[in-house]
Amino acid sequence: MDLSIYRKDFPVLNDNSELAYLDNAAMALKPYPVIDAVDNYYKKYGVNVHRGVYKLSYEATDLYEQAREEIAKFINASFEEIVFTRGASQSLNLVASSYGLNFLNEGDEVITTELEHHSSHMPWFNVCNIKKAKLKYIPLNEEGRITVEAFKSVLTKNTKVVAITYVSNVMGYITPIKEIIKLAHEVGAIVTLDGAQAVPHMSVDVKELDCDFLSFSGHKLCGPTGIGVLYGKKALLDKMPPIEFGGDMADTVRKDMQTYKATPYKFETGTPIIAGAIGLAAACKYLKQIGLDNISKYEYELKTKAINELKKIKGIKIYNETAETGIISFNLEDVHPHDAASVFDNNNVCIRAGHHCAQLITTWLNTIGTVRASFYFYNTEEDIKKFIKGVKDAIEFFGKF
Ligand SMILES: *Cc1c(COP(=O)(O)O)cnc(C)c1O
């Protein structure tokens, strides 16, 4: 299988033929169908939705709400279960602020992990402080993985929320989430899933997972920046209060009372992210046509090849050799990850270095940060060659032969 035939759809790759773009866990590049969809909205409409009483606004509203339908289908959700946000961070915060602040009580327990992105666990750290609830961490195994057994060891009848990542953005491990969700539901807890690294790279079905909430960002799945999604089960969204108020979410407003629109609109304040939603729907369509199963398989193949090459080089510490996805975290022995990254940049290899907004796991790994290479379907074996050359040059540069 060679998915790199899709490279031609990406203007950034066409314009920079030397570039090995391996920072896909931070952001994916944008293909023409997405750029064209955004462009089309601005060129042909460029008017607001939900408000106008004229044809152009009706049509723009249709386009915008069809986008919601397309995105719902992408994860097998219903239309009303898709709340548009600015990104995964805002989605995760919305759950903590609305559900957490309103339904947690003193003594309740929230379970999270050291594999979380800051946007997943920090909102719950805050909520637990305010509500005097207890934040517990699933002990990771020797590889840094979440296991079902370890989850059971912290799960109690007081557990009310499990805030957990589906795929770690540093380690690339897939959490055994189905079993965890089942066990959480058995004690009456809800599960809020950080899907930022999962939804772009593998087939995700919220009905099959039975998760209560799922958050993800558009920009990591070839969509525009500034758009994200919160999926929530309708019954939960219905009972949660809005956390932002004002235009578009209001129903009746009087001096003595105010009411709100139904789910999902009550969570969407102000003029919506219209172009973002339309662009994201185009991205979902595009990825579906390539096939999410093909994408995960291909990325894993690339990652495995890269790891095999990496292991031949002396002085490299790989942190996540067994990861099931396209993420490699490593360090050159005794070289600061940022210093290493600058050598890669000189080689036209884009990678990320640092703590990746996940300081709990870099601390767990006993390092200040890692160098991270992350693949997507448009990467090639040629990119791996450039990457490996970058590693060798860095080792030479820092005199680590
Ligand atoms: C990127 C990322 C986030 C945050 O996404 P934003 O688009 O920056 O809001 C959250 N969790 C994980 C696992 C991520 O990779």
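These figures come from a predicted structure and were not determined experimentally. (Residues numbered from 1 in each chain as written. Predicted model: local features only at pLDDT ≥ 70, side-chain atom pairs only at ≥ 80, totals over all residues. Heavy atoms only, no water.)

1. Focus on the nonpolar core
Next up, step 1: Judged by nonpolar contacts, the single largest core of 114 residues is most densely connected at Phe-330, Phe-377 and Phe-387.
Next up, step 2: Sort the elements by how many residues they give to this core and helix H10 (residues 274–290) lands first, with 12 residues.
Next up, step 3: Three or more residues apiece are contributed to this core by two domains, here domain 1 (3–30 + 291–397) and domain 2 (33–289).
Next up, step 4: In terms of nonpolar packing, the next biggest core, distinct from the first, is built from 21 residues, Trp-124, Val-127, Ala-133 and Val-161 among them. (Core = buried A, V, L, I, M, F, W, Y, C linked by side-chain atoms within 4.5 Å. Buried < 20%, exposed > 50% of the residue type's maximum accessible area, 1.4 Å probe, protein only. Helix = DSSP H or I, 4+ residues; strand = E, 2+ residues; numbered from the N terminus. Domains from an automatic or database assignment.)

2. Things to note about the domain arrangement of the chain
Interface size is commonly expressed as the accessible area that is lost once the parts come together.
Next up, step 1: Annotation of the chain at the domain level lists domain 1 (3–30 + 291–397) and domain 2 (33–289).
Next up, step 2: A separation of 27 Å is found between the C-alpha centroids of domain 1 and domain 2.
Next up, step 3: Taken residue by residue, the interface counts 38 residues in domain 1 and 40 residues in domain 2.
Next up, step 4: The three residues of domain 1 that bury the most area against domain 2 are Leu-292, Leu-360 and Trp-364, which together make up 20% of that side's buried surface.
Next up, step 5: Arg-145 is the partner of Glu-324 in a salt bridge, and the nearest nitrogen-oxygen pair spans 2.7 Å.
Next up, step 6: At the junction of domain 1 and domain 2, the tally comes to 22 residue pairs in polar contact (both at pLDDT 80 or more).
Next up, step 7: At the level of elements, helix H11 (292–310), strand S12 (327–332), helix H13 (359–364) and strand S15 (370–374) are the ones that each hand at least two residues to the side of domain 1 that touches domain 2.
Next up, step 8: Across the side of domain 1 that touches domain 2, the residue classes break down as 22 nonpolar, 10 polar and six charged. (Contact = heavy atoms within 4.5 Å. Buried area = accessible area lost by both parts, 1.4 Å probe. Salt bridge = Lys/Arg side-chain N within 4 Å of Asp/Glu carboxyl O. Polar contact = N/O pair within 3.5 Å; in protein donor to acceptor, adjacent residues only side chain to side chain. Nonpolar A, V, L, I, M, F, W, Y, C, P; charged D, E, K, R; others polar.)

3. A look at the packing of aromatic side chains
Next up, step 1: All chains considered together, the criterion is met by 18 aromatic pairs.
Next up, step 2: Relative to Phe-377, the ring of Tyr-6 lies with its centre 6.3 Å away and its plane at 85 degrees, an arrangement referred to as edge-to-face. Of this pair, Tyr-6 sits in the segment before helix H1 (11–15) while Phe-377 sits in the loop between S15 and helix H14 (381–397); the two residues are 371 residues apart in sequence, bridging distant segments of the chain. Just as Tyr-6 is buried, Phe-377 falls in that class too.
Next up, step 3: Plain terms: the ring middles of Tyr-99 and Phe-103 are 5.0 Å apart, the flat faces sit at 45 degrees to each other, and that makes the pair tilted. Here Tyr-99 and its partner Phe-103 are both found in helix H4 (residues 88–103), four residues apart, which amounts to about one turn of the helix.
Next up, step 4: Given a relative accessible area of 28%, Phe-103 falls into the partly exposed group.
Next up, step 5: A network of ring pairs unites the aromatic residues Tyr-6, Phe-10, Tyr-286, Tyr-376, Phe-377 and Tyr-378 as a single cluster.
Next up, step 6: Cation over ring: Arg-68 sits above Phe-79, and NZ or CZ is 5.6 Å from the ring centre.
Next up, step 7: Here the basic side chain of Lys-239 rests over the ring of Phe-103, its NZ or CZ set 4.6 Å away from the ring centre. (Phe/Tyr/Trp six-rings, centres within 6.5 Å; stacked < 30°, edge-to-face > 60°. Lys NZ or Arg CZ within 6 Å of the ring centre and 35° of its normal.)

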